[in-house]
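Architecture at a glance
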Amino acid sequence: MKIATKVDDKKRHVTFALEGELDVHQVKGLKSTISEAIVAGDWSYAIDLAKVGYLDSSGLGMLVYLKKEITRQGGRLQLLNVAESIRSVFQLTRLDEFFGLK
Amino acid sequence: MSIAQLMQEPRPRSTRLDLEIAGTSRSLSLVRRLLDTCTRHQRLQPQVLNDVKLAVAEACTNVIRHAFQFDPTRRFGLNIQVSDRYFLVQLQYEDARFDPGTIPQPDLNNLREGGLGVYIMRHIMDVVEYATDPPTRTVTLRMMKRISPDDAGGQSENRYQG
């Protein structure tokens, strides 16, 4: 799993672009990398999933954790470019509503 | 007919995989690749294949994470049979503590980090059944998905129910 992080200090915005397959094998390292970049306050975060071709319940669990953690710290999280191949997992678990994908 | 009986029944143009998988999360991408390979000639709809691949991977993840706690020295059996009518999966592993009656239903209105794996399996597959054999501490998970003629050119029947 590759991750590219772009921070815009002026706009208080961070984008994480992920590439690869998001399963239990990848989640632990990725969760800690993204968690370390979260700061308290009114920041917005985006996770770009355009290049994520596979996502399972471990990946979903990580996204749920990150959204809750970011919200707890006063920020906002948005998912970008959710590919059709993984969108059904969000629909199946009704997480499309939770992440505002509808 | 039970899933176990269906797995014994010879079917024309079926593909069968009998694997022994190590209890490490690295095995999961290998399982997904093997599923791609063994379903290729069945010409399933990509979304049906993605769904089934996800259900099998969730089952394997649960074994590796909860039963084996990522112990790479442990092994479980994975049998897959794909025909023009059924997608049959059997996982067999040792877990003295597992009680299928205690699998919690996730609260979709108040989601936590975990607990979605079995929920996803049950929504994708038509049948998901666990059997335990306490004397040998063996757990057998069997799953079945019916392949309708439309699955080569239409949507699966079971998606998004419930």
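Shown above is the structure to which this text applies.
So, here's what we can say about the structure. Just so we're clear, the structure is a prediction, and the values are computed from it rather than from any experiment.

The helix and strand inventory of chain B stands at four helices and five strands. Radius of gyration (C-alpha) of chain B: 15 Å, near the 15 Å computed for a compact globule of 162 residues. A principal-axis box enclosing the C-alpha atoms of chain B has dimensions of 40 × 40 × 30 Å. When each of the 162 residues of chain B is scored for burial, the buried share is 51%. Long-range pairs, those at least 24 residues apart, make up 68% of the contacts in chain B between residues at least 6 apart in sequence. Accessible area of chain B: about 8200 Å², with a carbon and sulfur share of 46%. Once the 21 positive and 19 negative side-chain charges of chain B are each reduced to a mean point, those two points are 4 Å apart.

Counted under the stated rule, the structure contains six aromatic pairs over all chains. When the centroid spacing of 6.4 Å and the interplanar angle of 80° are considered together, the rings of Phe68(B) and Tyr93(B) count as edge-to-face. Within this pair, whereas Phe68(B) is found in the loop between α3 (46–67) and β2 (75–82), its partner Tyr93(B) is found in strand β3 (residues 86–94), the two being separated by 25 residues in sequence. Exposure class is identical for Phe68(B) and Tyr93(B). Each is buried. Among the aromatic residues, those joined into a ring-pair cluster are Phe90(A), Phe98(A) and Phe99(A). The side chain of Lys67(A) reaches across the aromatic face of Phe98(A), ending 5.7 Å from its centre.

The rules behind the values
- Residues numbered from 1 in each chain as written.
- Chains lettered and ligands numbered in written order.
- Predicted model: local features only at pLDDT ≥ 70, side-chain atom pairs only at ≥ 80, totals over all residues.
- Heavy atoms only, no water.
- Helix = DSSP H or I, 4+ residues; strand = E, 2+ residues; numbered from the N terminus.
- Rg over C-alpha atoms; globule rule 2.2 N^0.38 Å.
- Buried < 20%, exposed > 50% of the residue type's maximum accessible area, 1.4 Å probe, protein only.
- Contact = heavy atoms within 4.5 Å.
- Areas by Shrake-Rupley, 256 points an atom, 1.4 Å probe, with all protein chains shown as cover.
- Lys, Arg positive; Asp, Glu negative; His and termini not counted.
- Charge placed at Lys NZ, Arg CZ, Asp CG, Glu CD.
- Phe/Tyr/Trp six-rings, centres within 6.5 Å; stacked < 30°, edge-to-face > 60°.
- Lys NZ or Arg CZ within 6 Å of the ring centre and 35° of its normal.

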